[in-house]
Amino acid sequence: MHAFPHTETHSARTAELAAEAAAWRLAREAAPAAAPGLPALRNQLGEALIAVGTRLLQPATAHAA
């Protein structure tokens, strides 16, 4: 029964990528193009998204600890 866990993993990753794309789109739309500090804000948002993604990729047992 290899297909079911693979499908679960694939759908979770797809949802994660969609959420990341939506967050980036919202960040770009919310900030004016020439706003000072925008690169720093983008970096912080990117780091936060990477941290969340890393946590989501960990096994469920790691979250319980």
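The rules we used
Residues numbered from 1 in each chain as written. Predicted model: local features only at pLDDT ≥ 70, side-chain atom pairs only at ≥ 80, totals over all residues. Heavy atoms only, no water. Helix = DSSP H or I, 4+ residues; strand = E, 2+ residues; numbered from the N terminus. Buried < 20%, exposed > 50% of the residue type's maximum accessible area, 1.4 Å probe, protein only. Areas by Shrake-Rupley, 256 points an atom, 1.4 Å probe, with all protein chains shown as cover. Salt bridge = Lys/Arg side-chain N within 4 Å of Asp/Glu carboxyl O. Expected span 1.5 Å × (residues − 1). Arc of directions from axis to C-beta. pLDDT = per-residue confidence, 0-100. Polar contact = N/O pair within 3.5 Å; in protein donor to acceptor, adjacent residues only side chain to side chain. Contact = heavy atoms within 4.5 Å.

> How would you sum up the overall build of the protein? Please name residues and give values.
Each helix and strand in the protein was counted, giving 3 helices and 0 strands. Put simply, the protein runs from its N terminus to its C terminus through helices and strands in the order α-α-α. A total of 65 residues make up the protein; the buried ones form 8% of that total. Carbon and sulfur atoms make up 68% of the accessible area of the protein, which amounts to about 5300 Å² in all.

> Tell me about the pattern of salt bridges, and please be specific about residues and values.
Inspection of the entire model under this criterion finds 1 salt bridge. Where Glu 16 meets Arg 13, a salt bridge forms, and the shortest distance between an N and an O atom there is 3.0 Å. You can see Glu 16 and its partner Arg 13 sitting in helix α1 (residues 3–30), 3 residues apart, about one turn around the helix.

> Tell me about helix α2 (residues 38–57), and name the residues and values.
Over its 20 residues, α2 runs 28 Å from end to end, which matches the ideal 28 Å to within 8%, given 1.5 Å per residue. Listed in full, the buried residues belonging to α2 are Leu 38, Gly 46 and Gly 53. Looking straight down α2, one finds that the buried residues subtend no more than 70° of arc, so they occupy a single side. Of the residues in α2, the exposed ones pointing more than 90 degrees away from the buried face are Gln 44 and Glu 47.

> Tell me what's going on with the confidence of the model for the protein, and back it up with residues and numbers.
Do not read the fine detail of predicted coordinates wherever pLDDT is low. Averaged over all residues, the pLDDT of the protein equals 79, while 78% of them reach at least 70. The least confident element of the protein, judged by mean pLDDT, is helix α3 (residues 60–64) at 64; the most confident is α2 at 88.

> Explain the side chain of Glu 16 residue by residue, including any values.
Judged by its relative accessible area of 15%, Glu 16 is buried. Among the polar contacts made by the side chain of Glu 16, one reaches the side chain of Arg 13 at a distance of 3.0 Å. For Glu 16, the contacting residues outside a window of four places in its chain are Gly 53, Leu 56 and Leu 57.

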